[in-house]
Amino acid sequence: MPLRCRRRCKSHSILGIRRKSASWAMGCLKCTALLRDLCANSAAPRWSLRYFALFTCIFLLWIDCTKIILQHYLAHVWLNETRVIASTIDGHLILFESGEPKVDVVNTQGASGLHRDALSLVSTVKGGFICGCTGGLITIYDKTDEASYRKAREVVLPEEASQDIVAMALTPNEETLLVVGRNSQMYSVVLGEGDVKLEDTRFEPFAQPFHSGAVTGMDTCIRKPLIVTCSADRSVRVWNYMDASSELVKQFAEESYSVAFHPSGLYILVGFADKLRLMNLLIDDIRAFREFPVRGCREARFSNGGQYFAAVHGNVILVYNTWTFECLGTLKGHNGKVRSLSWSADDTRLVSAGAEGAMYEWNIREMRRESENILKSCSYSCAITSSGEGSRSIYAVGSDRTLKEIVDSQVVREIHTSTVLTQLVMSHSGRMMFAATTMGSIRSIKFPFASPNGTQLGSSGNSSGTSGGGVGATAAVGSAAAATAAALAVMSSNGQTATSAMEPGDFQEHKGHAGAVTRLRVSCDDVFLFSASDDGSVLVWKISDKEAAAAAGGSTGVTGAGAARAGVSFLAPTGAGGGSGAAAIRRDMVYADEILVTKTDLEDKTATMAELRARVEELKLENEYQLRLKDMNFHEKIKETTEKYQEEIDGLKITCAVLKADREKEEVRHDEEMAEETQRHSHSMDELEANHSSKLMAEYEKYQELQNKTAMLEQSWAQQLEELQQQKQLTLEEFTTQYEALLKNKQADIDQVRLLIIL
């Protein structure tokens, strides 16, 4: 079950999984601290979707998700702290909120309504997400409300690059999307804002296209900084390793099995299932101009001088003249498929190695076998000749995990390795050897090999080995011929093959490929090492010569850290001192810049250029005539416009004068009316003032009269009030006297009654 840490490292690695009571405990390999949760999806229905949370630095099962429908989930992405969107194998997108399924959206393409499985998902800052689907479809969903999403846009990869999208990444500003197809190609698309038109959205190759299949052949030339590769993806590509660019790409209808580069850099050999084709490298195309009846050619090599080439047809080797296309000879002897060809430095000998364990050395001038070595327990994959002058050593590797040195049909040395070596190459100077493994690594081997007594094989019998810190090939002291003679002397002294194991100190290993290395080549100036692999990658390594570097006080070798660029990985130097010696001496070599152009193309281009020149002249004359006509028309239009505007200006002047006179008349009339109105207003004010004065006097007199009347009334009411008060007092006194007399009489009666009662 793949688990993904969703916080810092985005890692799929888990520190450990153990059963703790009734839950699973897990941790992240890269960032075990400060993590909160992760989720998992799997193809197994039982483990459809699980949530985990961090408790005391371990991951424990957080939500069991029992309500989730058990089905095959392909991908998922976190939208926020509690929300996850997951895609299923039937084209559905399911939104989970805290482990509960909330929304189910069907991911379709355009008006066709076809369901598209989302193989990868990326979230956006605005709360939406992007789906990378089958068929090269990209769908962009925007968030409409709290739990609703709508498909805003969809973009499709070009038809020639239409592949299932397996991975995606957004730039921090979310303006550019990078996608990876199932064919290992990368494309970028500018998303921009939401108002970008669909027709303006286009996918562009990121850097440049790469091989999408295993690289089956590779070779380099002398006169140009080029390498050519062929692959199982039916393409042949020419790369410039100096500026890390792709020069030419040619797609074929069938797979190409092998490729060879002519030293001039103008021709290549490509082996197909039906024929072997000799092709011209034109300025913009790779075009076949000769075919040879060699079926299923899986190995072909040009001679160092370029006058010959050898091609393999099953277990038969055919040697042709490059210029006359004549078959010079057929070399027979192998019982199995021939897997390797190597020319000697003077092109007089050809070494072949077969899968049946046979290795033959052929004399090209006489077309006969000179030496042979057969070891049925080993299936050879590569054999090379020594580059040293006068040396007759042959070095071979195969399935028995040994590196063999063969001289005159005898195995004089066997070096056992821990892994199978697939390819072997020696520098042109004869001082450096490199080997490739099935694990994708490159080994820089200490060369020349040490003798059984621990010394280097050379003219003096003792040369220095690899110095500390070096990562490259060790320089040899003495000629290759002397080394060969010393090896034969060692063999004749004990009568046995010198056998040893390749210790870690005898080589330096550099990881580069993810698959077995299929081809290994060295540039003509011994500065670059080229390797191709089953994983579809081509790497370029920087080489430096230890002998000259040791004299200059620096360390050398295959150095640096890889950085992928234009389908070719360059390794930048990191060792002090850099490379010099033979490699540095030839760095100033001038590469050829000539290109091939067919006569038909040249004639067509010449005719096209002549037509274009004539057309340019015609266009010049026509343009001049049109310019003159336009000038005349413009002058006439300017004259008419000037006259028209002058008339309008004169009319406007007259209108302005009339308006000015009218304004003066209006001003005089207005002044007169203002004077009349002012006089009328003054007269009206005087009349109103006189009228209001008389009214005011009359009212004042009324006021005085009313005031006097009020005073008289007040005086009269005061007198009446006083009289009433006096009358009231008198009446009160009379009633008081009367009632008091009555009371006295009543009291006297009461006293009499009481007396009678007593008596």
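This text goes with the structure placed above it.
About the cut-offs
- Residues numbered from 1 in each chain as written.
- Predicted model: local features only at pLDDT ≥ 70, side-chain atom pairs only at ≥ 80, totals over all residues.
- Heavy atoms only, no water.
- Helix = DSSP H or I, 4+ residues; strand = E, 2+ residues; numbered from the N terminus.
- Buried < 20%, exposed > 50% of the residue type's maximum accessible area, 1.4 Å probe, protein only.
- Contact = heavy atoms within 4.5 Å.
- Areas by Shrake-Rupley, 256 points an atom, 1.4 Å probe, with all protein chains shown as cover.
- Patch = residues over 30% accessible without salt bridge, like charges linked within 9 Å, V, L, I, M, F, W, Y side chains within 5 Å.
- Salt bridge = Lys/Arg side-chain N within 4 Å of Asp/Glu carboxyl O.
- Polar contact = N/O pair within 3.5 Å; in protein donor to acceptor, adjacent residues only side chain to side chain.
- Phe/Tyr/Trp six-rings, centres within 6.5 Å; stacked < 30°, edge-to-face > 60°.
- Lys NZ or Arg CZ within 6 Å of the ring centre and 35° of its normal.
- Pairing = 2+ DSSP bridges.
- Axes fitted to C-alpha atoms, helices over the stretch in contact; angles between N-to-C directions.
- Core = buried A, V, L, I, M, F, W, Y, C linked by side-chain atoms within 4.5 Å.
- Lys, Arg positive; Asp, Glu negative; His and termini not counted.

(A) Geometry of the overall build of the chain. Within the chain one finds four helices and 50 strands. The burial tally for the chain puts 42% of its 759 residues in the buried class. Contacts spanning at least 24 positions in sequence make up 46% of the contacts within the chain whose residues lie at least 6 apart. Looking at the chain as shown, the accessible area adds up to about 41,300 Å², and 54% of this sits on carbon and sulfur atoms.

(B) Region of interest: a nonpolar patch on the surface. On the surface, a cluster of nonpolar side chains totalling about 350 Å² of accessible area is made up of Ile283, Ile595, Val597 and Leu602. Within the secondary structure layout, isoleucine 595 lies in the loop between helix H3 (581-585) and helix H4 (599-758).

(C) Representation of the side chain of threonine 402 in the model. Residue position: threonine 402 is located in strand E39 (residues 402-407). The class of threonine 402 is buried, set by a relative accessible area of 3%. A distance of 2.9 Å separates a polar atom in the side chain of threonine 402 from a polar atom in the side chain of aspartate 400. A distance of 2.5 Å separates polar atoms of two side chains, one belonging to threonine 402 and the other to lysine 404. In this view, threonine 402 contacts Ala396, Val397, Ile415, His416 and Thr417; residues no more than four positions away in its chain are not counted.

(D) Region of the structure containing the packing of aromatic side chains. Throughout the structure, instances matching the rule amount to 17 aromatic pairs. Ring geometry for tyrosine 360 against tryptophan 362: centres 5.6 Å apart, planes inclined by 70 degrees, an arrangement best described as edge-to-face. Both residues of the pair, tyrosine 360 and tryptophan 362, count as buried. Through a chain of ring-to-ring contacts, three or more aromatic side chains come together here, namely Tyr267, Phe289, Phe292, Phe302, Phe309, Tyr320, Trp323 and Phe325. The ring of tyrosine 257 has arginine 298 sitting right over it, with the charged end atom 4.0 Å from the ring centre. Against the face of tyrosine 360 rests arginine 369, its NZ or CZ located 4.2 Å from the ring centre.

(E) Geometry of the sheet that holds strand E24 (residues 245-251). Reading across the sheet, the four strands line up as E21-E22-E23-E24 and stay open at both edges, with antiparallel pairing between neighbours. One side of each edge strand has no neighbouring strand; the edge strands of this open sheet are strand E21 (215-220) and E24. Direction aside, the axes of adjacent strands within the sheet are offset by 15 degrees on average. Summarising the sheet, strand E23 (residues 235-240) and E24 pair through six bridges and their orientation is antiparallel. Bridge pairing in E24 places serine 235 opposite glutamine 251.

(F) Local environment of the nonpolar core. Counting residues in each nonpolar core, the largest one holds 18 residues, and the members touching the most others are Leu269, Leu276, Phe292, Val294 and Phe309. With three residues, the top contributor of residues to this core is strand E31 (residues 316-321). Sequence-distant contacts of leucine 276, defined by excluding residues within four places in its chain, comprise Leu269, Val270, Gly271, Arg290, Glu291, Phe292, Val294, Cys297, Phe309 and Ala311. Judged by nonpolar contacts, the second largest core, of 16 residues, contains Val228, Cys230, Leu248 and Val259.

(G) Up close: the side chain of aspartate 526. Among the structural elements, aspartate 526 can be located in the loop between strand E46 (517-522) and strand E47 (528-533). For the buried residue aspartate 526, which engages in no salt bridge, the nearest side chain bearing the opposite charge is arginine 431, 6.3 Å off. Among the polar contacts listed, one links the side chain of aspartate 526 to the backbone nitrogen of serine 429, at a separation of 3.0 Å.

(H) Spotlight on the pattern of salt bridges. Scanning all chains against the criterion turns up 27 salt bridges. The shortest N-O distance in the salt bridge between glutamate 370 and arginine 392 comes to 3.4 Å. Note that glutamate 370 is positioned in strand E36 (residues 368-374) and arginine 392 in the loop between strand E37 (380-385) and strand E38 (393-398), a separation of 22 residues in sequence. Glutamate 370 sits in the partly exposed class, given a relative accessible area of 32%.

Coordinates in, geometry out; function isn't part of it.
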